[in-house]
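An overview of the molecular structure
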Amino acid sequence: MNLKKTLSVALATLFLIACNHKQFVQKNNTYKNGVVVTANLFASEVGSDILEQGGNAFDAAVAVQFALAVVYPRAGNIAGGGFAVIRTAKGESESLDFREKAPKAANESMYLDENGNVIEGLSQTGHLAVGVPGSVDGMVKLHQKYGSLTWEKLIQPAIDLAKNGVRLTKLEADKLNAYRERINKVNAGKNNCCYIKDTEFKTGELIKNPQLENVLVRIKNQGRNGFYDGETAELIISEMQRGKGLISKEDLLGYESVWRPALIGKYRDCKVISMPPPSSGGIALMQLLKGAEEFNLGQYQFGSLEHIHLMVELERRVYADRATWLGDPDYCSIPKEKLLSDEYLTNRYSNIDMNGKSDSQDIKAGNVEVIESFETTHFSVVDKWGNAVSVTTTLNGNYGSKVIVKGGGFFLNNEMDDFSIKPGVPNQFGLVGGKANAIEPEKRMLSSMTPTIVEKNDKLFMVTGSPGGSTIITSVFQNIINAVEFKMNAQECVNAPRIHSQWLPDKVYVEAGAISPTVKNELQNLGHAIQEQSRIGMMANIVINEDGSLVGAPDTLRHKDSRAIGY
Ligand code: DON
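Conventions we followed
Residues numbered from 1 in each chain as written. Predicted model: local features only at pLDDT ≥ 70, side-chain atom pairs only at ≥ 80, totals over all residues. Heavy atoms only, no water. Helix = DSSP H or I, 4+ residues; strand = E, 2+ residues; numbered from the N terminus. Polar contact = N/O pair within 3.5 Å; in protein donor to acceptor, adjacent residues only side chain to side chain. Contact = heavy atoms within 4.5 Å. Near = heavy atom within 4 Å. Areas by Shrake-Rupley, 256 points an atom, 1.4 Å probe, with all protein chains shown as cover. 1 Å grid on protein atoms, 1.4 Å probe; cavity = no way out; pocket = protein on both sides within 12 Å on 5 of 7 lines; lining within 4 Å. Sits in = over half its atoms within 2 Å of the grid points. Nonpolar A, V, L, I, M, F, W, Y, C, P; charged D, E, K, R; others polar. Domains from an automatic or database assignment. UniProt positions renumbered as here; feature names shortened; annotations may be inferred. Buried < 20%, exposed > 50% of the residue type's maximum accessible area, 1.4 Å probe, protein only. Phe/Tyr/Trp six-rings, centres within 6.5 Å; stacked < 30°, edge-to-face > 60°. Lys NZ or Arg CZ within 6 Å of the ring centre and 35° of its normal. Buried area = accessible area lost by both parts, 1.4 Å probe. Salt bridge = Lys/Arg side-chain N within 4 Å of Asp/Glu carboxyl O. Pairing = 2+ DSSP bridges.

Side note on the side chain of Glu-94
Considering the arrangement of structural elements, one finds Glu-94 in strand E4 (residues 93-98). A polar side-chain atom of Glu-94 sits 2.9 Å from a polar atom in the side chain of Lys-145. A polar contact is formed between the side chain of Glu-94 and the side chain of Tyr-146, at a distance of 2.5 Å. Residue contacts for Glu-94: discarding those within four places in its chain leaves Ala-84, Val-85, Ile-86, Lys-145, Tyr-146, Trp-259, Arg-260 and Ala-262.

As C-alpha cells, then:
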C-alpha cells in the first residue's frame, strides 16, 4: 500500500472514531484501475491493496471475504455461506453457490414440538440453527478457477488483522454491545474469546483474535482441509457435541460449493447476470425488471404514487411466486423458464390495477414484521482488466446462531431459519414457504441474496448487491431501475430512499423520505398499509462509465463504515 493511501485510511479511521461517523461521505469515488466496495473500511482497504499488488478482482474478493470475517464478525464469516456472481473481462459469466446445507441428520420436523408447533427461536439461536458452512470451500473454488496470486497471499491480510487487532468503529462497538448479553448467554463457560466480555465494548478498542488467527493460518496452509478437516473440524464437532447440534464430521468433509450457470435475463438494453436458485434473488429480480419494462416504469416521476404503487404490486406477485415455487434446485423442480417467460409474466401482471390494491385475502397472512437487519454483507469488485465479481455472504442473523466455536474464535451461522420450518409459518424476515423449501437432509435453504452484474450494450455497466434478508431483492431491483429508468448516477442510485413489499405481510415498508405525505395518503386511499422502516438494504454499487472509469458507490448514508477504495 502506498503512503498516501495509508495516510488517508488512517485519517479517515481517526475521523470516524472522533466524530462518530457523522455525515462522513466520501466525495470522489472514481478510479481508473480498480475499485472495491464493502461495508467496512478495513476490508475495502485489503481488497484494494490486493488489486494494487497486481491481483485480479477474484483475488481481491477472496481476500475481502476472509478480512470481513475478522473486521465485521456480525456478517463476515468463515462459517457461513454465500453466493458469487462473476463476469470475466472476456464477458463470460458464471455463479458460485457456497450456500450452507442442512446437516445429514436434519429433518422436516426438527423445529416442531410434539403437537407440531414451532418451538420459538430454535431455528435462529444456538447449535441446532447451524447449517453446514460453505464459505471456505467457496473461496477455495473461486481461487482455484480464477485467482492469479497465491492463496497464502490472499489469506495473510486477514491473519494480520486477527493478530494485530482491529480498532472497533462506533458501529461495530454498538452492534457488539447490542448483542453482548445474548452472545454471553449462548456461550456461557467459554471466556477466553474476544467477543465474550462482561464490560461494554468501546469505540476505538483494539480487538485481537488469536484463536481466529490460528484457524486462518490453518486455512492458509491447508486450504479447505484447514477448515473441514483436522483441528478446526475437531473444534466445530466438539462445539456441536457441547450444544447438541447436528453437524457431523461427515457433513464437514462432504461439503462442496457448486459452480452454476448464472441466471441471465434481458431488461431493456441490459443483460442482467444474477444468482440462480438456491437463491430466489435472480429469478425474482428478473421478474420485477421485466415488469418495470412492461409497464414502462420510467414514464412516472420518481417517488410518485404510480411509481410506488406499481413497484409494490409487482413485488407482491413476485414474492408470492417465491414462496410457492422456489427452493434448492437439487431437491425440487423449479419452473424457471415459465416463471420468466413473457407470456407468464404478462398474464401474472395483467390484473394490476393502477387505481387500486389487488386482493390477496385468499392467502393466509403472515404475522411477522420485516425486521431491520444488516447481518448479511455484500461486496463488489472490478479490476483494471474489467473482471467483475459480486459477492453476498452471510451468517444470516447478526452473529448468526450466536454460537462461537470454542477455541476457534468465530461465529457459526443460523442459516437453517431460511428453510420453511413449517408451511405457512414466517421466518425471521416474514417470508413464508412450503414444500419446495422444506427441510431435507443435505438440502440448501432458499435465499434472497442477489449478487448481480449488469451489462449495457455488451459492456460491463454495474456490479451491485445488498444485505437485508427479504429486502435484498427489492433493494437491488430499485438500484437497477434507478439507473436505467430514472437515469441516476452510481451514488444517487444508492442514496435514493427505498421501499419494500413482499406480499406477506401485506404491507408497504418505506424509508424516511421515500414518499411524500401526499403520496402516503394516496397509497393509503388505494388500500396499502404503510409502515416506516429506518433503513432498507445497504448497497455496494460500482458503475462503469462510458470512458471506462470506475465509480464506487458505498451506502455510507445508511451504514457509515461502508467504503469504496480503489486506485
Ligand atoms: O439468504 C438469505 O436470504 C438470508 N439468509 C440473508 C440474511 C440477510 O440478508 C440478513 N441481513 N441483512
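Observations concerning the site of the ligand
Taken together, 17 residues lie around the ligand, and Glu-375, Thr-376, Glu-415, Asp-418 and Gly-469 are the ones closest in. For the ligand, a nitrogen atom lies 2.8 Å from a polar atom in the backbone of Gly-468. Contact with the protein chains hides 99% of the accessible area of the ligand, taken as 340 Å² for the molecule alone. Taking a 2 Å distance to the grid points as the criterion, the majority of the atoms of the ligand fall inside the largest cavity. For the shell around the ligand, the class distribution of residues is five nonpolar, eight polar and four charged. Each of domain 1 (3-23 + 260-372 + 448-559) and domain 2 (35-258 + 375-437) gives at least three residues to the shell around the ligand.

A word on the UniProt feature "active site" (unreviewed entry) in the protein
The feature "active site" (unreviewed entry), as given by UniProt, occupies Thr-376 in the numbering adopted here. Look at Thr-376 and you get buried, because its relative accessible area is 5%. Sequence-distant contacts of Thr-376, that is, excluding residues within four places in its chain, are made with Ala-75, Thr-392, Thr-393, Thr-394, Asn-396, Met-449, Pro-467 and Gly-468. At 2.7 Å, the side chain of Thr-376 forms a polar contact with the side chain of Thr-394.

Side note on the packing of aromatic side chains
Across all of its chains, the model carries 11 aromatic pairs by this definition. Ring centres of Tyr-146 and Trp-259 lie 5.6 Å apart, and the angle between their planes is 70 degrees; this geometry places the pair in the edge-to-face category. One end of the pair, Tyr-146, is in helix H4 (residues 135-146); the other, Trp-259, is in strand E7 (residues 258-260), with 113 residues separating them in the sequence. The class for Trp-259 is partly exposed, based on a relative accessible area of 22%. An aromatic cluster is present here, built from Tyr-179, Tyr-195, Tyr-399 and Phe-411 joined pairwise through their rings. The residue whose ring lies beneath Lys-197 is Phe-201, and the NZ or CZ to ring-centre distance is 4.6 Å. Sitting over the ring of Tyr-228, Arg-224 keeps its end group 4.5 Å from the ring centre.

Re the domain arrangement of the protein
You can read the domains of the protein as domain 1 (3-23 + 260-372 + 448-559) and domain 2 (35-258 + 375-437). At the interface, 65 residues of domain 1 touch 58 residues of domain 2. Overall, the association of domain 1 and domain 2 removes approximately 4400 Å² of surface from exposure, summing both partners, and the carbon and sulfur fraction of that is 68%. The interface formed by domain 1 and domain 2 includes two salt bridges. Residue Asp-97 is joined to Arg-260 by a salt bridge in which the shortest nitrogen-to-oxygen separation is 2.9 Å. For the interface between domain 1 and domain 2, the tally reads 12 residue pairs in polar contact (both at pLDDT 80 or more). Sorting the residues of the side of domain 1 that touches domain 2 by element identifies helix H1 (3-18), strand E9 (270-274), helix H12 (305-325), strand E12 (452-456), strand E13 (459-464), strand E17 (540-544) and strand E18 (550-554) as the ones contributing at least two each.

Some words on the environment of Arg-99
Here Arg-99 lies in the loop between E4 and H4. Relative accessible area serves as the criterion here: at 0%, Arg-99 is assigned to the buried category. Each C-alpha atom of the pair Arg-99 and Gly-81 lies 4.6 Å from the other, and the pair is 18 residues apart in sequence. If near-sequence neighbours (up to four positions away) are discounted, Arg-99 is found in contact with Gly-82, Phe-83, Tyr-255, Pro-278, Thr-394, Glu-415, Asp-418, Arg-444, Met-445, Leu-446, Ser-447 and Met-449. One polar contact links the side chain of Arg-99 to the main-chain carbonyl oxygen of Met-445, over a distance of 2.9 Å.

Quick word on the pattern of salt bridges
Pairs can form between side chains of opposite charge whenever their charged atoms are close. Under the criterion given, the structure shown has 35 salt bridges. Among the salt bridges present, the one from Asp-342 reaches Lys-290, with a minimum N-O distance of 3.3 Å. Here the residue Asp-342 occupies a position in helix H14 (residues 342-348), and Lys-290 occupies one in helix H11 (residues 281-294), the gap between them amounting to 52 residues.

Here's the deal with the pairing of strand E2 (residues 35-38)
The alternating pattern of E2 places Val-35 and Val-37 and Val-36 and Thr-38 on opposite faces, both of which are buried. Sheet topology note: the E2/strand E10 (residues 376-382) ladder contains three bridges and is antiparallel. Looking across to E10, one finds that Val-35 is bridged to Val-382. Pairing of E2 with strand E19 (residues 563-566) involves four bridges; the strand directions are antiparallel. Within the sheet, the bridge partner assigned to Val-37 lies in E19 and is Ala-564.

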